[in-house]
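Listed below, chain by chain, are the residues.
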Amino acid sequence: MATYSTNMRRWTPVQLASAAVGAVFLLVGVLGFIPGVTSDFDTMKFAGHESEAELLGIFQVSILHNIVHLLFGVVGLLAARTISISRGFLIGGGAIYLALWIYGLVIDKSSDANFVPLNTADDWLHFALGVGMVLLGLLLPRLANQTVART
């Protein structure tokens, strides 16, 4: 008679957050390539501020921008394999998004420096993503440690 292991490893909150953030980035990256979900799809460029395509009619995107979202998604899902890598992804990725927020605030949106491209909606979304990811990376491992200590 076969026996089955019931010792299934449970994901911690920080690993779940890494996987969830990764999945959302993957979804956003895919949606950026779908006409209708992305308005003015026919104007999408590989990179640069000339791309007039907007995800959900709000966030300016390009092929490069969508690829970055897809890559962040894959990294987030792979990072979910361990607690430490999940934490690193959330904090490091959040820091990258905060740097991108600052970059978006200081560049001239109509210049070649706006190669991603970014608009004001992107800037503030990057701020929220950055803060949210950093907070998840800092707080969730502590939450897991407190839960373990109580049991």
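Here, every reference points to the structure presented above.
Each value, and the rule that gives it
Residues numbered from 1 in each chain as written. Predicted model: local features only at pLDDT ≥ 70, side-chain atom pairs only at ≥ 80, totals over all residues. Heavy atoms only, no water. Phe/Tyr/Trp six-rings, centres within 6.5 Å; stacked < 30°, edge-to-face > 60°. Helix = DSSP H or I, 4+ residues; strand = E, 2+ residues; numbered from the N terminus. Pairing = 2+ DSSP bridges. Salt bridge = Lys/Arg side-chain N within 4 Å of Asp/Glu carboxyl O. Buried < 20%, exposed > 50% of the residue type's maximum accessible area, 1.4 Å probe, protein only.

**Q** Explain the packing of aromatic side chains to me, and be specific about the residues and the numbers.
**A** As enumerated under the stated definition, the model contains eight aromatic pairs in all. Note on F25 and F72: the rings are 5.3 Å apart at their centroids and 45 degrees apart in plane angle, and the pair reads as tilted. Placement of F25 in helix α1 (residues 13-31) and of F72 in helix α2 (residues 63-79) is noted, with a sequence separation of 47 residues between them. An angle of 70 degrees between the planes, with centres 5.0 Å apart, marks the rings of F72 and Y97 as edge-to-face. Residue F72 is located in helix α2, and its partner Y97 is located in helix α3 (residues 83-106); the two are separated by 25 residues in the primary sequence. Three or more aromatic residues joined by ring pairs form one cluster here, namely F25, F72, F89 and Y97.

**Q** Before we move on, can you summarise the sheet that holds strand β3 (residues 59-60) with the specific residues and values?
**A** An order of β1-β2-β3 is seen for the three strands of this open sheet, with the pairing classed as antiparallel. Two strands in the sheet have a free side with no partner beyond their single neighbour: β1 (38-39) and β3. As judged from the two bridges shared by strand β2 (residues 54-55) and β3, these two strands associate in the antiparallel manner. Bridging from a neighbouring strand, L55 pairs with F59 of β3.

**Q** Describe the pattern of salt bridges, and please don't skip the residues or the numbers.
**A** Counted according to the given criterion, the structure contains one salt bridge. D123 serves as the salt-bridge partner of K109, at 2.6 Å between the closest nitrogen and oxygen. Residue K109 is located in the loop between α3 and α4 (120-150), and its partner D123 is located in helix α4; the two are separated by 14 residues in the primary sequence. The class for K109 is partly exposed, based on a relative accessible area of 26%.

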